[in-house]
Amino acid sequence: MSPDQLRNRFAIALQDMYRAEVPAYARLHDLVIENNEAWLREHGDARADDRAAVAAISAQRHGAIRVGRGEELAWLARLFALLGMEPVDFYDLVPAGLPVMSTAFRPTRPEAFEHNHFRMFCSLLRPELIANADVRTRVEALLGAREIFSPRLKTLIGDAERAGGVDVERVDEFLGEALDVFRWRGQARVDQPTYAALAGEHKLIADVAAFGGPHINHLTPSALDIDRLQAAMIERGFNAKAVVEGPPRREVPILLRQTACTAEAEAVRFEAVDGSVEQGSHTARFGEVEQRGAALTAAGRALYDRCLETARQMAKDRPYAEALEEAFADFPDDLPALVEADLVYCRFALSAEDQTVKFDTAQDRAQALRAGRLRAEPIRYEDFLPVSAAGIFRSNLGDAEDESYAAASSREDFERVLGRSLRQSQNIYAEQQAVSLRAIAPAMADAG
Ligand code: OOG
Ligand code: NI
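Scoring rules and cut-offs
Residues numbered from 1 in each chain as written. Chains lettered and ligands numbered in written order. Predicted model: local features only at pLDDT ≥ 70, side-chain atom pairs only at ≥ 80, totals over all residues. Heavy atoms only, no water. Helix = DSSP H or I, 4+ residues; strand = E, 2+ residues; numbered from the N terminus. Rg over C-alpha atoms; globule rule 2.2 N^0.38 Å. Buried < 20%, exposed > 50% of the residue type's maximum accessible area, 1.4 Å probe, protein only. Contact = heavy atoms within 4.5 Å. Areas by Shrake-Rupley, 256 points an atom, 1.4 Å probe, with all protein chains shown as cover. Donors = N, O, S within 2.8 Å, 3.2 Å for Na, K, Ca; no water. Arc of directions from axis to C-beta. Expected span 1.5 Å × (residues − 1). Core = buried A, V, L, I, M, F, W, Y, C linked by side-chain atoms within 4.5 Å. Pairing = 2+ DSSP bridges. Axes fitted to C-alpha atoms, helices over the stretch in contact; angles between N-to-C directions. Phe/Tyr/Trp six-rings, centres within 6.5 Å; stacked < 30°, edge-to-face > 60°. Lys NZ or Arg CZ within 6 Å of the ring centre and 35° of its normal. Polar contact = N/O pair within 3.5 Å; in protein donor to acceptor, adjacent residues only side chain to side chain.

A. Fine view of the overall build of the chain. In terms of regular secondary structure, the chain is built from 18 helices and 11 strands. Against the 2.2 N^0.38 benchmark of 22 Å for 448 residues, the chain shows a C-alpha radius of gyration of 23 Å, consistent with a compact globule. On the principal axes, the C-alpha backbone points of the chain span a range of 85 × 60 × 50 Å. For the chain, with 448 residues in total, the buried portion stands at 53%. Intrachain contacts of the chain at a sequence separation of at least 6 include 73% that bridge at least 24 residues. Accessible surface for the chain amounts to roughly 19,300 Å². Of this, 50% is attributable to carbon and sulfur atoms.

B. Geometry of the coordination of the nickel ion (ligand 2). In the first shell of the nickel ion (ligand 2), the protein supplies His-62 (NE2), His-218 (NE2) and Glu-288 (OE), at 2.0 to 2.1 Å from the metal. Linear spacing of the donor residues for the nickel ion (ligand 2) on their chain is H-x155-H-x69-E. Linking His-218 in strand S5 (residues 218–221) with Glu-288 in strand S9 (residues 286–292), this pair joins segments that are 70 residues apart in sequence. By relative accessible area, His-218 is classed as buried at 5%.

C. Up close: helix H9 (residues 192–201). Inspection of H9 places Thr-194, Tyr-195, Leu-198, Ala-199 and Glu-201 among the buried residues, and these make up the whole buried set. Looking down the long axis of H9, one finds its buried residues gathered within 155 degrees of arc, a one-sided arrangement. Among the exposed residues of H9, those oriented more than 90 degrees off its buried face are Pro-193 and Gly-200. For H9, the elements touching its buried residues are helix H6 (133–144), helix H10 (203–209), strand S7 (265–271) and strand S8 (277–283).

D. Layout of helix H1 (residues 3–21). Taking 1.5 Å of rise per residue, the 19 residues of H1 would be expected to cover 27 Å, and the 26 Å separating its terminal C-alpha atoms lies within 8% of that figure. When we look at burial in H1, the residues that qualify are Asp-4, Leu-6, Arg-7, Phe-10, Ala-11, Leu-14, Gln-15, Met-17, Tyr-18 and Glu-21.

E. Representation of the nonpolar core within the structure. Phe-10, Leu-14, Phe-80, Met-120, Phe-149, Phe-174 and Phe-182 are the most contacted members of the largest nonpolar core, which has 46 residues in total. Examining the composition of this core, we find that seven residues originate from one element, helix H4 (residues 70–82), more than from any other. Ignoring sequence-local partners within four residues, the contact set of Phe-149 consists of Trp-75, Leu-76, Leu-79, Lys-154, Ile-157 and Val-181. The next biggest cluster of nonpolar side chains, apart from the first, holds 40 residues, and it includes Tyr-304, Val-344, Leu-350 and Ala-366.

F. Structural context of the sheet that holds strand S2 (residues 86–92). Read from one edge of the open sheet, seven strands run S2-S3-S4-S1-S5-S9-S6, paired in mixed fashion. In this open sheet, the two strands that pair with only one neighbour each are S2 and strand S6 (256–261). On average, each strand axis in the sheet is tilted by 20 degrees relative to the strand beside it, whichever way the strands run. Alignment of S2 against strand S3 (residues 100–106), held across five bridges, turns out to be antiparallel.

G. Highlighting unusual backbone geometry. At Leu-255, a position not held by glycine, the phi torsion is positive, near 50 degrees. Judged by its relative accessible area of 0%, Leu-255 is buried. For Asp-342, which is not a glycine, the phi torsion comes out positive at approximately 55 degrees. With respect to the helices and strands, the residue Asp-342 is situated in the loop between helix H14 (335–340) and strand S10 (346–350). Judged by relative accessible area, Asp-342 falls into the partly exposed class, the value being 33%.

H. Up close: the packing of aromatic side chains. Evaluated as defined, the whole model comprises 15 aromatic pairs. A ring pair is formed by Phe-121 and Phe-384, whose centres lie 5.0 Å apart and whose planes are at 65 degrees; its orientation type is edge-to-face. One end of the pair, Phe-121, is in strand S4 (residues 119–125); the other, Phe-384, is in the loop between strand S11 (374–378) and helix H16 (386–397), and 263 residues separate them in sequence. Each ring, one from Phe-328 and one from Phe-331, has its centre 6.2 Å from the other, and the planes form 25 degrees; the classification is stacked. A relative accessible area of 2% places Phe-331 in the buried class. What links up through ring pairs into an aromatic cluster is the set Phe-10, Phe-80, Phe-105, Phe-118 and Phe-182. In this arrangement the basic side chain of Arg-292 is found over the ring face of Phe-384, its NZ or CZ atom lying 5.5 Å from the centre.

I. The side chain of Gln-433, seen in detail. Mapped onto the fold, Gln-433 is located in helix H18 (residues 425–447). Of note is the side chain of Gln-433, whose polar atom sits 2.9 Å from the backbone nitrogen of Cys-346.

Quick look at the structure:
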């Protein structure tokens, strides 16, 4: 089966599993479906009457997991490679007070996104950063002794790698085994006092080390209008975040906007040293919603970071939404201006066969765009935002205070444990834009 088809099957199965595991997520997902359908109807879009189309539009676009040791990450990389997902970008969350480093496994070809968008944000715990020596030793022992992949799944992965893909006859078994990796286990591997000691160090540490595997901690469906969805969440009594994270609402959406409902406590069985079972709870899993906009160039990203920082400063003495609006007034919001300042990546095409159009520089392209001689379609941002990611971790783990860790993480260390190199999203977007421009050039040469 093709990696794209397999990823689609996997994502659908994961969605079903997580809906059954976390009822609050199922309610949020239903609200997204209802909201998207209403949006389509109001915009005269015929897909509003097509249940399958609405479901596909409202399907989850990403999930997130956390693992405990390098070997686990390396196996995940092999599994996701078979689903057509490559590790893209390095996210060091240590400066944000989280003892993890991360990447996102995702499709990289534009055609692959048409099959299925699913990405998995994957964080690796860095137990060596745990200051308390007792907790650190305990965590290392717990992680060293666990296997998150069944022997059968490892065999199936090895077979598929040798055969160049998963055999159609093995797909059900393969997906069943893969799904089990991410399943919630209501059973902790430690007793209550140990859980409390780990959580006392950092909730994240308990979330990883106290359990037998990397349960999904959230899935994220896509909203056609995230502000409308946020308002609906509040109106329906969801425990929604106070604000939509990321850039403000704009004419030309950029990057990624996200909101979420906070995690609810789930029952957990802890086994005491004497073998008796104690009931307790763990709070980590939730539902999130996203809406994506254009990928930014390095210059665009630098401007975005400056605007966001300004907003943060301004928000000290006024409402955040207002501060955000005002801070982003410096970020151009019409396509020709964005193209002219080389802030967004686009796919370009000629409006009509015309060999006199100049498109070598950003200024040329902006001019041709304004004159209606060139068309530009912003390339969608397919990655994540570390600031929002840190906010997501914090809001669902309920940690108000930032920890401070001495060491920064290194991309090289991460690649070594991953067992492969990371792709860089900037290169992927730049290449997509360059491909579109190269396609114009021969057309003009032919015409000449
Ligand atoms: C991952 C948070 C990152 C996002 O949407 O930014 C993420 C986590 O909480 O483990 O999914
Ligand atoms: Ni997320």
